[in-house]
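Okay, here's what each chain looks like letter by letter:
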Amino acid sequence: MIHRRTLIAAAPLWLAAPRLAGAQPVLENARVLCGFPAGGTTDAVSRRVAEKLRGPYARSVLVDNKAGAGGRLAVEEVSRAAPDGSTLLLTPAAMITLYPHLYTRLAYGPRDLRPVSTACHLAFGFGVGPAVPESVRDIKGFLAWAKANPEQANYASPGAGTQPHFVGALLAKESGLDLRHVPYKGSAPGVQDLLGGQVAAMSSPVGDYLPHLKSGKLRLLATSGAQRSKLVPDVATYAEQGLPALTMNEWYGFFLPGKASDEVTQRAAAAIAAAVRTPEVIEAFAQLGLEAAASTPAELTKAVADENAAWGPIVKRVGFKPEA
């Protein structure tokens, strides 16, 4: 159902562009909000899709980096934006599904966002560097080494409270070992310390390891997907290695303001799906360690609900203390 207020508010933008026979009108201007700085993975995903939306969806599509508060600022801004389709949010899943269990006060809730489509998904990998003997080639081997060397048994992550952090924390819980968590501000510094032997292991997106695997500088022991990653098909999943509780993927998804109409949402979803399925975007995502994957609004809505329900028990089991 199209709300009268939404239609009236949207009219100036929709009517500003010419209407092709039998086609919906194109917006004059649109922007994609990104909650992270330029140069990072989220920014790269935003820009690859925005390039393809320029023309079919809107004459001009800009990426607006609203970095800060772990991605929350961009989510907050889109929740307050006009629901006419001119403002889209591209965000990792954690801001929507995990953060409600970490922060006691969020400036947005489920009703403030309208799920549109996923853009891609990724698995997390558990990698080791020169601090761990060459003989260690799988999770069982790492845990045996960690048990024998408790003072060196640690793992890095891109940050406390991130999904990779929880994968590592669950590994410690499942194994009964005291694996010390070493949080970093992003993946890059953690990978550098892993290469230098300052940390023994790291839990991070699979793509973070790809440049270093062929050289043998790093070894990937496991991936977190339900199936093996297409990017590293020779690496067994946690589940294959007897740890099904560590099966976990993350997706990047597009959202509109919560009051966006069905018509606006479906139009955005169709344009995003078409963009994500182009060979150029698929290849660009693969180079980032991501697998392109569009969804329907209904599928993304279900994914948000399912993952939100799943995260509560995980956060409680790990014992992570929510922040204000």
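What counts, and at which threshold
- Residues numbered from 1 in each chain as written.
- Predicted model: local features only at pLDDT ≥ 70, side-chain atom pairs only at ≥ 80, totals over all residues.
- Heavy atoms only, no water.
- Salt bridge = Lys/Arg side-chain N within 4 Å of Asp/Glu carboxyl O.
- Helix = DSSP H or I, 4+ residues; strand = E, 2+ residues; numbered from the N terminus.
- Buried < 20%, exposed > 50% of the residue type's maximum accessible area, 1.4 Å probe, protein only.
- Core = buried A, V, L, I, M, F, W, Y, C linked by side-chain atoms within 4.5 Å.

Visitor: So what exactly am I meant to see when it comes to the pattern of salt bridges here?
Guide: Pairing is possible between side chains of opposite charge, provided their charged atoms come close. For the coordinates displayed, the defined rule picks out 11 salt bridges. In this structure, Arg-59 engages Glu-28 in a salt bridge whose closest nitrogen and oxygen atoms are separated by 3.5 Å. Pair noted here: Arg-59 is in strand β2 (residues 58–65) and Glu-28 is in strand β1 (residues 27–34), with a separation of 31 residues, a long-range link. You can call Glu-28 partly exposed: its relative accessible area is 22%. Among the salt bridges present, the one from Arg-31 reaches Glu-77, with a minimum N-O distance of 2.9 Å. Here the residue Arg-31 occupies a position in strand β1, and Glu-77 occupies one in helix α3 (residues 72–80), the gap between them amounting to 46 residues. On the basis of relative accessible area, Arg-31 is assigned to the partly exposed category, the value being 25%. Take Glu-77: its relative accessible area is 18%, and that puts it in the buried class. Linked through salt bridges whose partners overlap, the residues forming this network are Arg-31, Asp-64, Lys-66 and Glu-77.

Visitor: I would appreciate a short explanation of the nonpolar core in the present structure.
Guide: Most often, soluble globular proteins have nonpolar side chains that are buried together. Core analysis: the biggest nonpolar cluster contains 83 residues, and Phe-126 and Phe-142 have the highest contact counts within it. Top contributing element to this core by residue count: strand β4 (residues 113–128), with 8 residues. Judged by nonpolar contacts, the second largest core, of 14 residues, contains Leu-194, Met-202, Val-206 and Tyr-209.

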